[in-house]
Amino acid sequence: MVKRFVRRQKKPVFNDNELCTGIVQHPVTQRWQTWITFTGYDIQCITAHNNRNDASQVAKQIADDWIEGKYKTGEEVTAFIKSLPTDALTDPLPQDIVMQLSQQAFKSRK
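Treat the numbers as computed from the prediction; the structure is a model and nothing was measured.

1. Some words on the confidence of the model for the chain
- The share of residues in the chain with pLDDT of 70 or more is 87%, and the mean pLDDT across the chain is 88.
- Averaged pLDDT values for the elements of the chain fall to 87 in helix 2 (residues 74-83) and rise to 97 in strand 3 (residues 44-49).

What follows is the structure in structure tokens.
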């Protein structure tokens, strides 16, 4: 018996020059994590904070710097992310929260 499986390619929601960012509270650690996505599907947590305001400030800095066009190459974005203040390592989010964030990113495009 042979079965054929096809993996569907997800089309990016955002254009090459767009990014979405925000904060979310991790359900186990209770830390506030900042996240970004360049496609709407690839939610990546990049910093973790004990204080919600600290996470909000980092998310705002990410958005402001992106709008100003400070970082154009992947290397520049990586260096910028590594330079951001954080209180701890980020922890993986449960899949249901990742899906909620992805849906929020999609809605932000409307």
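Having put the structure on the table, let's press on.
2. A short note on helix 1 (residues 52-68)
- In this model, helix 1 (17 residues) spans 24 Å end to end at C-alpha, consistent with the 24 Å of a helix rising 1.5 Å per residue.
- On its buried side, helix 1 packs onto strand 1 (20-25), strand 2 (32-37), strand 3 and helix 2.
- Regarding helix 1, its N-cap is N51, as a side-chain oxygen of that residue lies 2.6 Å from the backbone nitrogen of N53 further along.
- Immediately downstream of helix 1, the backbone of G69 shows phi near 75 degrees, a positive value.

3. Details of the nonpolar core
- Listed in full, the eleven residues of the largest apolar core are F14, C20, V24, W35, I43, C45, L93, I97, V98, L101 and A105.
- Every element with two or more residues in this core is listed here: strand 1 and helix 3 (95-108).
- Among the elements that line this core, the one with the most residues is helix 3, at four residues.
- In this structure, L19, I46, V58 and F80 belong to the second largest nonpolar core, which totals seven residues.

4. Thoughts on the side chain of T34
- Considering the arrangement of structural elements, one finds T34 in strand 2.
- You can call T34 buried: its relative accessible area is 0%.
- At a separation of 2.4 Å, a polar atom in the side chain of T34 contacts the side chain of T47.
- In this structure T34 touches G22, I23, Q44, C45, I46, T47, H49, A55, V58 and A59, once residues within four positions along its chain are discounted.

5. A look at unusual backbone geometry
- Here Q30, not a glycine, exhibits a phi torsion of approximately 65 degrees, which is positive.
- Mapped onto the fold, Q30 is located in the loop between strand 1 and strand 2.
- Looking at Q30, the relative accessible area reads 41%, which means it is partly exposed.

6. Section: helix 3
- With 14 residues, helix 3 extends 20 Å from end C-alpha to end C-alpha; this agrees with the ideal 20 Å at 1.5 Å per step.
- Those residues of helix 3 lying buried are I97, V98, L101, S102 and A105. Seen end-on, helix 3 carries its buried residues on one side only, within an arc spanning 140 degrees.
- The inward-facing, buried residues of helix 3 contact strand 1 and strand 2.

Calculation rules
- Residues numbered from 1 in each chain as written.
- Predicted model: local features only at pLDDT ≥ 70, side-chain atom pairs only at ≥ 80, totals over all residues.
- Heavy atoms only, no water.
- pLDDT = per-residue confidence, 0-100.
- Helix = DSSP H or I, 4+ residues; strand = E, 2+ residues; numbered from the N terminus.
- Expected span 1.5 Å × (residues − 1).
- Contact = heavy atoms within 4.5 Å.
- Polar contact = N/O pair within 3.5 Å; in protein donor to acceptor, adjacent residues only side chain to side chain.
- Core = buried A, V, L, I, M, F, W, Y, C linked by side-chain atoms within 4.5 Å.
- Buried < 20%, exposed > 50% of the residue type's maximum accessible area, 1.4 Å probe, protein only.
- Arc of directions from axis to C-beta.

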